[in-house]
Amino acid sequence: MRAEIAIQLATPADAVDIACLSRDSIEQGLPWRWTPARVQRCIRDGATNVAVARQQEAFCGFGIMRYGEEDAHLLLLAVHPEQRRLGIGSALLAWLEEVARAAGVACVRLEARQQNEAARCFYNEHGYHESALRNDRYASSVHGVTLEKWLRVETQA
Ligand SMILES: CC(C)(COP(=O)(O)OP(=O)(O)OC[C@H]1O[C@@H](n2cnc3c(N)ncnc32)[C@H](O)[C@@H]1OP(=O)(O)O)[C@@H](O)C(=O)NCCC(=O)NCCS
């Protein structure tokens, strides 16, 4: 059964929940770089959207996308472990991509750990293809993969 979820822009009060979920679900085994202060800066940054998913008003996931003129970078995306496989990650991604489309962004890019099979399956399912392998991207022997999705196809005039 699909969960009833609301996707909305984060407020400064969400920064600790977001940073802790990033530390526990994305940055595990690495130094904690996405601290509450850094998340707060993203929430205030006009070129970045921090979206949160709530279920009955309780925080259950988030995504952070930075928008450039031609492309956007999905910096982080995570769902609380107990609420995965309910469509929440898909809803967050769709919301962030919709903003990118409206802004005329051509391509969304992101990176994930090579060993993160769940994320690679999730993004492949959503039309992302793997464009590069980056050895030792996160730490020694912790390789990364770059994924991208083209939102806008250029047509000849
Ligand atoms: C990746 C992540 C955000 C997906 O969130 P989610 O809410 O569980 O994803 P959804 O329920 O929307 O999944 C949509 C589809 O993606 C695929 N998928 C998701 N998780 C998967 C998994 N563990 N294994 C295989 N396929 C998976 C499936 O096709 C799924 O559809 P289905 O459940 O009908 O089979 C979540 O697993 C997560 O938070 N992981 C830890 C953080 C992380 O790795 N983030 C990405 C790198 S920044």
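In the annotation of an unreviewed UniProt entry, the entry for the protein chain reads GNAT family N-acetyltransferase, and the organism field reads Ramlibacter monticola.

Trainee: Residues and numbers for unusual backbone geometry, please.
Mentor: The backbone of Arg85 shows a phi angle near 65°, a positive value even though the residue is not glycine. Tracing the sequence through the fold places Arg85 in the loop between strand S4 (71-79) and helix H3 (88-102). According to the relative accessible area criterion, Arg85 is exposed, its value standing at 84%. The phi dihedral of Ser141 falls on the positive side, at around 65°, and the residue is not glycine. As for its position among the elements, Ser141 is in the loop between strand S6 (129-139) and strand S7 (142-150).

Trainee: Describe the pairing of S7, and please don't skip the residues or the numbers.
Mentor: With seven of its nine residues buried, S7 lies for the most part within the structure. The sheet contact formed by strand S5 (residues 107-113) and S7 spans seven bridges and is antiparallel. The partner of Glu111 across the bridge, within S7, is Thr146. Between the antiparallel neighbours S6 and S7 lie two residues, among them Ser141 with a positive phi of about 65°.

Cut-offs applied
- Residues numbered from 1 in each chain as written.
- Predicted model: local features only at pLDDT ≥ 70, side-chain atom pairs only at ≥ 80, totals over all residues.
- Heavy atoms only, no water.
- Helix = DSSP H or I, 4+ residues; strand = E, 2+ residues; numbered from the N terminus.
- Buried < 20%, exposed > 50% of the residue type's maximum accessible area, 1.4 Å probe, protein only.
- Pairing = 2+ DSSP bridges.

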